[in-house]
Amino acid sequence: MSLLAITLWLLFFFSSSVLHSGAQSSSRGSLGDGICASSVVVHGYKCQELQVTTADGYILSVQRIPEGRSGNGNNNNKKQPVIIQHGILVDGMTWLLNGPEQNLPLILADNGFDVWISNTRGTRFSRRHISLDPSTPAYWNWSWDELGSYDLRAVVEYVSNHTGQKIHYIGHSQGTLIALTSFSEGKLVNKLKSAALLSPIAYLSHMTTELLNVADRLFLDQLIKTLGIAEFSTRGIPFQSFLKQLCAQPGVDCSDLFTAITGNNCCLNSSAVSLFLKNEPQSTSTKNLIHFAQIVRSGVVAKFNYGRRDQNIRIYGKTSPPIYNLSNIPHDLPLFLSYGGRDALSDVVDVKTLLDSLKSHDVNKLSVQFIKDYAHVDFIMGVNAKDIVYNAVISFFNRFN
């Protein structure tokens, strides 16, 4: 597969004006509202808008929900902190699209956790830098390597320093990849109590939807490289026109892009999907997508390959990029993994390859949940995710409090 396959994996995030006439991009909420004001405080919860600066100068937006609606806010530092990390082309808002009884951050807050929502660089509330401007290519010179080495590290260290406690971590999709690769290098593990990985992404060789197969044959990755586009934004390239052409290809059914790209999600609320399409997508770097494509082509999880021996030698001291050895993840780090039988992105075969890397993990520190009917988006927007996934995550966390 090429970068186009990865790109089309993400097309459901910006399909609203093509296939969802009720969710036009012009209906995006005001950026000035903020996640706290628009999605947390309105439900009766306290929420703080914070900023965290990475070691390489990116200023990230972080939301803190220190308590549930019942209050008890005088002992916030005694509450167990948990960081929630979203996936690619979305931001922290996606965790909050269902009502308070169904979305993960507010459920955690009501269960006594001190909740911190992280937003990666390049997303709408994290588009600042101490010296670089998002309009310049230099701002976008990063991939998921940097999201793990800098963004994740900065947020974990900020929360650790602020609370004085070890942290539980929850990631979805790309949020699992940056955690796994960081853990494999021994980073951050001394600051964490445990990690829950939903729709875990590491190996990507078995994404098999017909839409992606057709996309691969059209070589959009070569177009993006040729155009020299640094920021991957749906407003920067006429993807909607391209999508129409793609959906006209024989064997491709785009009547429901959630199903065509992410798998047959069983349990989505139509109103939450509508909100999703109003608020997303978010930008990422083209370099980030290329890095994902490299995983697909190579079948291994490695640092970014610059494609030239001299560049790799200059950066890594060797002709090929180092491989992240996931079997090096500390065997005593408590891990909870949850994956779905219908997930077209975090494919069952690829997850089993990941689990094989963890075969030496301490048995009592590894919990694996398989949900036959779940696909990729069910884990963050499923109306029954509380009963099936979130309660299991909370029970797992409570084992290690």
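Conventions and cut-offs
- Residues numbered from 1 in each chain as written.
- Predicted model: local features only at pLDDT ≥ 70, side-chain atom pairs only at ≥ 80, totals over all residues.
- Heavy atoms only, no water.
- Axes fitted to C-alpha atoms, helices over the stretch in contact; angles between N-to-C directions.
- Helix = DSSP H or I, 4+ residues; strand = E, 2+ residues; numbered from the N terminus.
- Parallel < 35°, antiparallel > 145°, perpendicular 65-115°, else oblique.
- Contact = heavy atoms within 4.5 Å.
- Nonpolar A, V, L, I, M, F, W, Y, C, P; charged D, E, K, R; others polar.
- Expected span 1.5 Å × (residues − 1).
- Buried < 20%, exposed > 50% of the residue type's maximum accessible area, 1.4 Å probe, protein only.
- Disulfide = S-S within 2.5 Å.
- Core = buried A, V, L, I, M, F, W, Y, C linked by side-chain atoms within 4.5 Å.
- pLDDT = per-residue confidence, 0-100.
- Phe/Tyr/Trp six-rings, centres within 6.5 Å; stacked < 30°, edge-to-face > 60°.
- Lys NZ or Arg CZ within 6 Å of the ring centre and 35° of its normal.

### Here's the deal with the packing of helix 5 (residues 144-163) against helix 6 (residues 174-184)
- Helix 6 packs onto helix 5 with a crossing angle of 75° between their chain directions and a minimal axis gap of 9 Å. One finds that helix 5 runs roughly perpendicular with respect to helix 6. Two secondary-structure elements touch here, helix 5 through W144, L147, G148 and L152 and helix 6 through Q174, L177, I178, A179, T181 and S182.
- Looking at the contact of helix 5 with helix 6, its residues break down into 6 nonpolar, 4 polar and no charged.

### A look at the environment of L152
- By the element assignment, L152 lies in helix 5.
- Residues L152 and L188 lie 36 residues apart in sequence; the distance between their C-alpha atoms is 8.8 Å.
- Aside from chain neighbours lying at most four places away, what touches L152 is L147, Y169, I178, A179, S182 and L188.

### Some thoughts on helix 12 (residues 286-298)
- In this model helix 12 runs 18 Å from its N-terminal to its C-terminal C-alpha over 13 residues, within 8% of the 18 Å that 1.5 Å per residue would give.
- Among the 13 residues of helix 12, 11 are classified as buried, and the element is accordingly described as predominantly covered.
- By the burial criterion, the buried members of helix 12 are T286, K287, N288, L289, I290, H291, F292, A293, Q294, I295 and V296.
- Phi turns positive one or two residues past the end of helix 12, at G299, with a value near 80°.

### So, the state of the cysteines
- Under the defined criterion, the tally for this structure stands at 2 disulfides.
- Disulfide pairing is shown between C36 and C47; the S-S distance is 1.9 Å. The sign of the S-S torsion, about -65°, decides the handedness of the disulfide formed by C36 and C47: left-handed. Within this pair, whereas C36 is found in helix 3 (residues 34-39), its partner C47 is found in the loop between helix 3 and strand 1 (48-53), the two being separated by 11 residues in sequence. Side by side, C36 and C47 carry an identical accessibility label, which is buried.
- One disulfide in the model links C266 with C267; its S-S distance is 2.2 Å. Residues C266 and C267 are joined through a disulfide that is left-handed, its torsion about the S-S bond being -95°.
- With relative accessibility at 33%, the residue C266 sits in the partly exposed group.
- By relative accessible area, C267 is classed as buried at 13%.

### A short note on the nonpolar core
- Core analysis: the biggest nonpolar cluster contains 55 residues, and I83, W144, Y169, F183, L326, I329 and L335 have the highest contact counts within it.
- In terms of residue count, the dominant contributor to this core is helix 5 (7 residues).
- Those residues in contact with L326 that sit more than four places away from it in its chain are L180, T181, S184, A202, Y203, L354, S357 and L358.

### Remarks on the confidence of the model for the protein chain
- With 79% of its residues at a pLDDT of at least 70, the protein chain reaches an overall mean of 84.
- With pLDDT under 50 throughout, residues 1-32 is counted as low confidence; its partners more than four residues away or in other chains account for 104 contacts.

### Some thoughts on the packing of aromatic side chains
- Taken as a whole and judged by the stated rule, the model has 13 aromatic pairs.
- Connected via pairs of aromatic rings, a cluster forms that spans Y58, Y139, W140 and W142.
- One Lys or Arg, K287, reaches over the ring of F304 and ends 4.9 Å from the middle of that ring.

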